[in-house]
Amino acid sequence: MVLAAPKAMKSEGIIPSEVPVVDFSGERAEVAKVIVKACEEYGFFKVINHGISNEVIAKTEEAGFGFFGKPMLEKKMAAPAYGCKNIGVNGDMGEVEYLLLSATTDSIAHISKTISTDPLNLRKRLSAYTEAVKELACEILEVMAEELGVPDTRVFSRLIRDGESDSVLRLNHYPPIINRDKDKSSQITKVGFGEHSDPQILTILRSNDVGGLQISLPDGVWIPVTPDPSAFYVNVGDVLQVMTNGRFVSVRHRAMTNSHKCRMSVAYFGAPPLHQTIVAPSVMVTPQSPSLFRPFTWAEYKKATYSLRLGDTRLQLFRNCKR
Ligand SMILES: C=C1C[C@]23C[C@@]1(O)CC[C@H]2[C@@]12CC[C@H](O)[C@@](C)(C(=O)O1)[C@H]2[C@@H]3C(=O)O
Ligand SMILES: O=C(O)CCC(=O)C(=O)O
Ligand SMILES: [Fe+2]
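Computed from a prediction, not measured in an experiment: that's the story for all the values here.

1. Section: the overall build of the chain
Part 1: Helix and strand counts for the chain come out as 9 helices and 14 strands.
Part 2: Split into buried and exposed, the 323 residues of the chain put 40% on the buried side.
Part 3: Considering only contacts within the chain whose residues lie at least 6 apart along the sequence, 73% involve residues at least 24 apart.

Now the structure itself:
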């Protein structure tokens, strides 16, 4: 069975709502329709019955908490893969500590000595996890291409299967921010990871059973995403917006801290190789929908991303001039 989300009702501030849900064990044609609709309307959906084993997930979560539970001095030995509060290099801050690693199995195998001597065998577990979520990302991208009528159905997935793919894996750990307010009814939530879109093709995200992720609808309404540790959440990234010539939208999202509990998320960002030119397949460009973006390489886009702040929009720098 495939469930489609009820439309969110616009109201003030943040509204509880459902996000689109895709049952990946459902009939392929149905799955494809729900995915494409979700990517057009939200740039975001939840995947259940994804086929990734509980063991791979549980071992990654155990190893991640094991790493973040280490003394700060030890964690800092894993820098620059390890970071705390500083996001990027342009002054963005959040209530988060993280590990940011290249997702090629080889580079995970070479992560710093602190991690490699970890008794929980973080390297091995992260490699297995990365392989599993990469395969899920590829299957999703192939279903999308089929439904969009792209003749070469591997046109998106090939980029992240490529041995030179620039994909990354990120573990985010949000410690609880203790509520010191005398008025017990008020909850202090702080920004863990500020508003942004993911620059890559597709993000496969999972968290423990603690809420915090919020997505923004195209009309600016923020929706909290109910945590479901048995599911994966999928974000359309900027590159997929370009490769669908604007038919899919990259989702703006943020993560808030919880006042009592630790939250940990693991995000796989599927990216092309650096030299890859990003251009929409010809079927996505018609006289009615002319090409919105000029061709550019992932290296150019990444450079622009890293020269900007977290919340900045970068896609408009690559738009074709209006005729
Ligand atoms: C402030 C920044 C951190 C970031 C690079 C950037 O300059 C703008 C985008 C940020 C982001 C968001 C999604 C991913 O978490 C990330 C790894 C990415 O590719 O773009 C981060 C970058 C980062 O933390 O290095
Ligand atoms: O922690 C989360 O749920 C979101 C993290 C995120 O958006 C990111 O790492 O890019
Ligand atoms: Fe993100």
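Next comes the rest of the account.
2. Topic: the environment of Arg 252
Part 1: With respect to the secondary-structure elements, Arg 252 resides in strand E11 (residues 252–256).
Part 2: In this structure, the C-alpha to C-alpha distance between Arg 252 and Val 236, residues 16 residues apart in sequence, is 9.4 Å.
Part 3: Residue contacts for Arg 252: discarding those within four places in its chain leaves Glu 195, His 196, Ser 197 and Ser 216.

3. What about the confidence of the model for the chain?
Part 1: Residues with a pLDDT of 70 or more make up 89% of the chain, whose mean pLDDT is 91.
Part 2: In the model, residues 4–12 has pLDDT below 50 throughout and makes 15 contacts with residues more than four positions away in sequence or in other chains.
Part 3: With a pTM of 0.94, the predicted complex shows an ipTM of 0.99.

4. Focus: the site of ligand 1
Part 1: Ligand 1 sits among 16 residues. The nearest are Gly 88, Asp 92, Asp 198, Tyr 306 and Leu 310.
Part 2: Those elements that provide at least two residues to the shell around ligand 1 are strand E4 (92–102), strand E5 (168–174) and helix H9 (298–307).
Part 3: Among the residues forming the shell around ligand 1, the class breakdown is 8 nonpolar, 4 polar and 4 charged.

5. Here we look at the site of ligand 2
Part 1: The environment of ligand 2 is made up of Arg 170, Asn 172, Phe 193, Asp 198, Leu 205, Ser 207, Leu 213, His 253, Ala 255, Ser 265 and Ala 267.
Part 2: Grouping the constituent residues of the shell around ligand 2 by class yields 5 nonpolar, 4 polar and 2 charged.

6. Some details on the sheet that holds strand E6 (residues 191–196)
Part 1: Read from one edge of the open sheet, 4 strands run E6-E11-E8-E9, paired in antiparallel fashion. With partners counted over all chains shown, the strands left at the sheet margins are E6 and strand E9 (222–224), one partner each. Along the sheet, successive strands turn relative to each other by an average axial angle of 20°, direction set aside.
Part 2: Across 3 bridges, the pairing between E6 and E11 is antiparallel. Bridged to Phe 193 within E11 is Ala 255.

7. A word on unusual backbone geometry
Part 1: In this model, Ala 79 is joined to Pro 80 through a cis peptide bond whose omega is 10°.
Part 2: The residue Pro 80 is located in the loop between helix H3 (72–76) and strand E3 (82–87) in this model.
Part 3: Of note in this structure, Asn 49 is not a glycine but carries a positive phi near 50°.
Part 4: Considering the arrangement of structural elements, one finds Asn 49 in the loop between strand E2 (44–48) and helix H2 (54–68).
Part 5: Unlike most non-glycine residues, Asn 245 shows phi in positive territory, near 50°.

8. Considering the packing of helix H1 (residues 28–41) against helix H6 (residues 122–148)
Working note: a packed helix pair is described by the angle between its axes plus the distance between those axes.
Part 1: Taken N-terminus to C-terminus, the directions of H1 and H6 make an angle of 90°; their axes are 9 Å apart at the nearest point. With respect to their mutual orientation, H1 and H6 come out roughly perpendicular. Here H1 contributes Arg 28, Val 31, Ala 32, Lys 33, Ile 35, Val 36 and Cys 39 to the contact with H6, which in turn contributes Ile 140, Val 143, Met 144, Glu 146, Glu 147 and Leu 148.

What counts as what
Residues numbered from 1 in each chain as written. Chains lettered and ligands numbered in written order. Predicted model: local features only at pLDDT ≥ 70, side-chain atom pairs only at ≥ 80, totals over all residues. Helix = DSSP H or I, 4+ residues; strand = E, 2+ residues; numbered from the N terminus. Buried ≥ 20, exposed ≤ 12 C-beta atoms within 10 Å, placed from the backbone. Contact = placed C-beta atoms within 7 Å. pLDDT = per-residue confidence, 0-100. Near = placed C-beta within 6 Å. Nonpolar A, V, L, I, M, F, W, Y, C, P; charged D, E, K, R; others polar. Pairing = 2+ DSSP bridges. Axes fitted to C-alpha atoms, helices over the stretch in contact; angles between N-to-C directions. Parallel < 35°, antiparallel > 145°, perpendicular 65-115°, else oblique.

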